[in-house]
Amino acid sequence: MPPSAVEKVELAKAYRLLNHGPTVLVSSAHGARRNVMAAAWCMPLDFDPPKLLVVIDKSTFTRELIEASGEFTINVPTQAQRALTVAVGSDSGRAQDKFAELHITTFAGDAVAAPLIDGCVAWLECRVVPETHNQSRYDLFIGEVVAARADSRVFSAGRWHFGPEHDALRTIHHVAGGAFFVTGPMTDGGAG
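What comes next is a walk through the structure. This structure is a prediction, so every number in the text was calculated from the model and none was measured. (Residues numbered from 1 in each chain as written. Predicted model: local features only at pLDDT ≥ 70, side-chain atom pairs only at ≥ 80, totals over all residues. Heavy atoms only, no water.)

1. Thoughts on the packing of aromatic side chains
Working definition: an aromatic ring pair is given by the centre-to-centre distance plus the angle between the planes. Our working rule: Working definition: a ring pair exists when centres of Phe, Tyr or Trp rings (six-membered ring for Trp) sit within 6.5 Å. Plane angles under 30 degrees give stacked, over 60 give edge-to-face, the rest tilted. Helix and strand assignments follow DSSP, with helices taken as H or I runs no shorter than four residues and strands as E runs no shorter than two, numbered in order from the N terminus.
Overall, the coordinates contain four aromatic pairs when judged by the stated rule. Geometrically, the ring pair formed by Y15 and F47 is edge-to-face, given 4.8 Å between the ring centres and 90° between the ring planes. Residue Y15 is found in the loop between β1 (6-8) and β2 (24-30), and its partner F47 is found in strand β4 (residues 42-47); the two are separated by 32 residues along the sequence. Judged by centre distance (5.4 Å) and plane angle (70°), the rings of F107 and W123 are edge-to-face. One end of the pair, F107, is in strand β7 (residues 106-107); the other, W123, is in strand β9 (residues 122-129), with 16 residues separating them in the sequence.

2. A few points about the layout of surface pockets
Under the convention used in this document: Within this scheme a cavity is a closed region of a 1 Å grid, computed over the protein atoms alone, that accommodates a 1.4 Å probe without allowing it to escape, whereas a pocket is open but has protein on both sides within 12 Å along at least five of seven lines; lining residues each have an atom within 4 Å of a point. Grid points are joined across faces, edges and corners, and a volume is the space filled by probe spheres set on the points. Classes in brief: Ala, Val, Leu, Ile, Met, Phe, Trp, Tyr, Cys and Pro nonpolar; Asp, Glu, Lys and Arg charged; the others, Gly included, polar.
In this structure, the largest pocket occupies an estimated 410 Å³ of space. As for the largest pocket, its lining consists of 26 residues, and the residues nearest its centre are M37, A38, A39, A40 and G89. Of all the elements, helix α2 (residues 82-90) adds the most residues to the lining of the largest pocket, at five residues. Its residues assigned to classes, the lining of the largest pocket shows 11 nonpolar, 12 polar and three charged.

What follows is the structure in structure tokens.
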């Protein structure tokens, strides 16, 4: 069951969940198997229908499940989930169930079978847009966003609003070698 502070995000504004460049957790499922991995290369692509891009290496178990099922979820982790993000990005799920090993709790989405990860601040459910050339040559997957939701404590009315009372919910941005930046204070973008 999703956390109580979660509300659906209209698909026309779903791109805003990724526009600030957070590291994401990509989850996938096919049959009885499921997996999750970290990805730093994920971005919005289109508005109508909403689409995103994510790079998923050929060698990953996540990719194997995505290719078999044709769907995946993008979960936006928080500062409080840095260690989890590093852990799911460090080991393969081919020989172990990362969800069980790392005590990851999940909840079901509205449109795809891949699990949504509890504790994140945004979730995008995606169906693969087949582009075999991009997938095989560049490891680049296009996902059509078919459902989206966010934690209303930090995202509502189509905007992020990270305040000091929710520092643990700030998103993370991978820079290299397990190091991250954390989303900082918001500015209004006015002339100055």
